[in-house]
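Chain by chain, the residues run as shown.
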Amino acid sequence: MFDNEEPPMSTMTWTEADTERSAPWHSESATPAPTRIVVADDRMTAETAYRLACEGTALLWRGDYHNARQLLQAMGRRVDRKAPGPGDNPAESFRLQRRARNHRARVLGKLIVQLEQDHTLALRRAPDVRKACDDVYGPSEGPMLIALTELLGVLGAAQWREKGVRIPALDATIYPHYGVFSPIRGEYLGLVAQAPLADDVRTAFDLGTGTGVLAALLAHRGVGHVMATDDSPRALACARDNIDRLDLARSVSIVGPTLFPDGRADLIVCNPPWLPARPTSAIEHGVYDQDSAMLRGFLTGLAAHLEPGGEGWLILSDLAEHLGLRTRDDLLTLIEGAGLHVIDKTDTTPQHPRAKDTTDPLYAARAAEVTSLWRLAVTP
């Protein structure tokens, strides 16, 4: 989930062909506008671009689109040459990697482009980006400047939105939107698809629904009425789109922005972001939960929203434990402090490629990761 405030807009001014020009700066991750800007084209070398970007200067690209992408890759290679090694412990390694990724994003984010009045990208050999930008930014209100990395993310999201993600447990396809975490890690979906579900479960809440995939799974399993929530307008729109596509609107309601809807349910499911760290972009809100805020909110609110005899399902990876960011005792203390107890726990191991990548500085933690579905009930 991510913040539902609109990214701030500010105006950037630069000189081009002896003329002072200006246009609004836009960043979906709320990155501040660069304070300096120079015009760049195919004549600029990667070394010069990298140096200027490290100094904080934005490079407004006026050359060939494909050359801009190649320049971005060359700048990325220069950033990666200074990538940190492993720290003295997993938590330090994690912090070093996060810092390096943030630095990489800041440097590469200095290569910027201008979208015209109708979201046209007026560069040589540029693709037609208008529909993808309309889907993310809404109707154009005039030219604006954005990072090329953001535009590439918008175009990548458009492909996911068109292609979708096949969900075997649903025998259907889910279509993620920009800024909404894609359900590509199937192990947690399998946990929800196979967890014991009592015959008398008539109502369920899916908290932080994202694409709506877990709400759809619950409806697919026969729950008569599912209320799915999120605090992100993008996620709410995405979930509605997917629920409509799956013809489940009669059994699934999308509610928000909120965590808990009004009322009580027989079953309440939550798959919060798994790592207690500060997200730095919209999509990272699906991975990082600062101060475990959503996890705490789910656990502390569960007893007040469960029907008598109901269950809460917490889907959570233990990666944070292997990284030294949270202990198992911390989690159990949160559960007990919320007046809950554990009925059962089902585990599975990740199948994603990073769990097998021995070159990853966090490989040991990823290889040991277990994802669990915790079945919780109110303590009498």
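Note that the coordinates shown come from a computational prediction; the quantities given were computed from them, not determined experimentally.

A. View of the pattern of salt bridges. All told, the structure shown has 19 salt bridges when counted by the stated rule. In this structure, Arg 104 and Asp 80 form a salt bridge, with 2.9 Å as the shortest nitrogen-oxygen distance. Taken as a pair, Arg 104 in helix 3 (residues 90–108) and Asp 80 in helix 2 (residues 65–80) lie far apart in primary sequence, 24 residues in all. Residue classification places Asp 80 among the partly exposed residues on the basis of a relative accessible area of 40%. The salt bridge partner of Glu 369 is Arg 185, with a shortest N-O separation of 3.2 Å.

B. Just the packing of helix 6 (residues 186–194) against helix 7 (residues 213–220), in detail. Put simply, helix 6 and helix 7 touch, their axes get as near as 9 Å, and they point 25° apart. Compared by their axis directions, helix 6 and helix 7 come out roughly parallel. The two elements helix 6 and helix 7 cross, and the hand of that crossing is right-handed. Taking contact as the criterion, the partners of Tyr 188, Leu 189, Val 192 and Ala 193 in helix 6 are, on helix 7, Val 213, Leu 214, Leu 217 and Leu 218. Broken down by class, the residue content of the contact of helix 6 with helix 7 amounts to eight nonpolar, no polar and no charged.

C. Up close: the domain arrangement of the protein chain. Along its sequence, the protein chain is carved into domain 1 (11–160) and domain 2 (164–378). Once you take the C-alpha centre of each, domain 1 and domain 2 turn out to be 32 Å apart. Listed as interface residues are 18 residues of domain 1 and, on the opposing side, 22 residues of domain 2. Looking only at domain 1, the three residues that lose the most surface to domain 2 are Phe 94, Arg 98 and Trp 160, adding up to 41% of its buried area. As a salt-bridge pair, Arg 234 and Glu 28 come within 2.5 Å of each other at their nearest N and O atoms. If you look at where domain 1 meets domain 2, you find six residue pairs in polar contact (both at pLDDT 80 or more). Elements with a contribution of two residues or more to the side of domain 1 that touches domain 2: helix 3, helix 4 (130–137) and helix 5 (148–163). Considering each element in turn, the side of domain 1 that touches domain 2 owes the most residues, eight residues, to helix 3. Here the residues of the side of domain 1 that touches domain 2 are counted per class, giving seven nonpolar, six polar and five charged.

D. Inspection of the sheet that holds strand 12 (residues 265–270) at higher detail. What the seven strands build is an open sheet, ordered 11-10-9-12-13-15-14; its pairing is mixed. Two strands in the sheet have a free side with no partner beyond their single neighbour: strand 11 (252–255) and strand 14 (340–348). Put simply, the sheet's adjacent strands are angled 20° from each other on average, direction ignored. Alignment of strand 13 (residues 306–317) against strand 15 (residues 371–378), held across six bridges, turns out to be antiparallel. In the strand pairing of strand 15, Trp 313 is matched with Arg 375.

E. Looking closely at the nonpolar core. Within the largest apolar cluster, 56 residues are counted, with the highest numbers of intra-cluster contacts made by Leu 214, Leu 218, Ile 268, Phe 298, Leu 299 and Leu 376. If sequence neighbours within four positions are ignored, Phe 298 has contacts with Leu 207, Leu 259, Phe 260, Ile 268, Cys 270, Trp 313, Leu 314 and Leu 376. Among the nonpolar cores identified, the runner-up in size contains 36 residues, and Ala 46, Ala 68, Ile 146 and Leu 155 belong to it.

F. Helix 2, seen in detail. The end-to-end C-alpha separation of helix 2 is 23 Å, in line with the 22 Å expected for 16 residues at 1.5 Å each. Considered for burial, the residues of helix 2 that qualify are Tyr 65, Ala 68, Leu 71, Leu 72, Ala 74, Met 75, Gly 76, Arg 78 and Val 79. On its buried side, helix 2 packs onto helix 1 (46–54), strand 4 (57–61), helix 3, strand 5 (111–115) and helix 5. A distance of 2.9 Å separates the backbone nitrogen of His 66 from a side-chain oxygen at the start of helix 2, and that oxygen is part of Asp 64.

G. The side chain of Thr 211, seen in detail. Along the polypeptide, Thr 211 turns up in the loop between strand 9 (203–207) and helix 7. Within the local environment of Thr 211, its side chain forms a polar contact with the backbone nitrogen of Val 213, the two atoms lying 3.4 Å apart. Not counting the four nearest positions on each side in its chain, Thr 211 is found in contact with Ile 174, Pro 176, Val 180, Phe 181, Pro 183, Cys 238, Ala 239 and Asn 242.

H. How the structure looks around the packing of aromatic side chains. Per the counting criterion, the structure on display carries two aromatic pairs. For the ring pair Phe 94 and Tyr 288, a centre distance of 6.3 Å and an interplane angle of 50° mean the geometry is tilted. In this pair, Phe 94 is assigned in helix 3 and Tyr 288 in the loop between strand 12 and helix 9 (293–305), connecting sequence segments 194 residues apart. Pairing Tyr 188 with Trp 274 gives two aromatic rings, centres 6.4 Å apart and planes at 90°, and the pair type is edge-to-face. Of this pair, Tyr 188 sits in helix 6 while Trp 274 sits in the loop between strand 12 and helix 9, and the two are 86 residues apart along the sequence. By the burial criterion, Tyr 188 is buried, and Trp 274 matches it. If you follow Arg 98 out to its NZ or CZ, it ends over the ring of Tyr 288, 3.9 Å from the centre.

What counts as what
Residues numbered from 1 in each chain as written. Predicted model: local features only at pLDDT ≥ 70, side-chain atom pairs only at ≥ 80, totals over all residues. Heavy atoms only, no water. Salt bridge = Lys/Arg side-chain N within 4 Å of Asp/Glu carboxyl O. Helix = DSSP H or I, 4+ residues; strand = E, 2+ residues; numbered from the N terminus. Buried < 20%, exposed > 50% of the residue type's maximum accessible area, 1.4 Å probe, protein only. Axes fitted to C-alpha atoms, helices over the stretch in contact; angles between N-to-C directions. Parallel < 35°, antiparallel > 145°, perpendicular 65-115°, else oblique. Left-handed = near helix turned anticlockwise from the far one by under 90°. Contact = heavy atoms within 4.5 Å. Nonpolar A, V, L, I, M, F, W, Y, C, P; charged D, E, K, R; others polar. Domains from an automatic or database assignment. Buried area = accessible area lost by both parts, 1.4 Å probe. Polar contact = N/O pair within 3.5 Å; in protein donor to acceptor, adjacent residues only side chain to side chain. Pairing = 2+ DSSP bridges. Core = buried A, V, L, I, M, F, W, Y, C linked by side-chain atoms within 4.5 Å. Expected span 1.5 Å × (residues − 1). Phe/Tyr/Trp six-rings, centres within 6.5 Å; stacked < 30°, edge-to-face > 60°. Lys NZ or Arg CZ within 6 Å of the ring centre and 35° of its normal.

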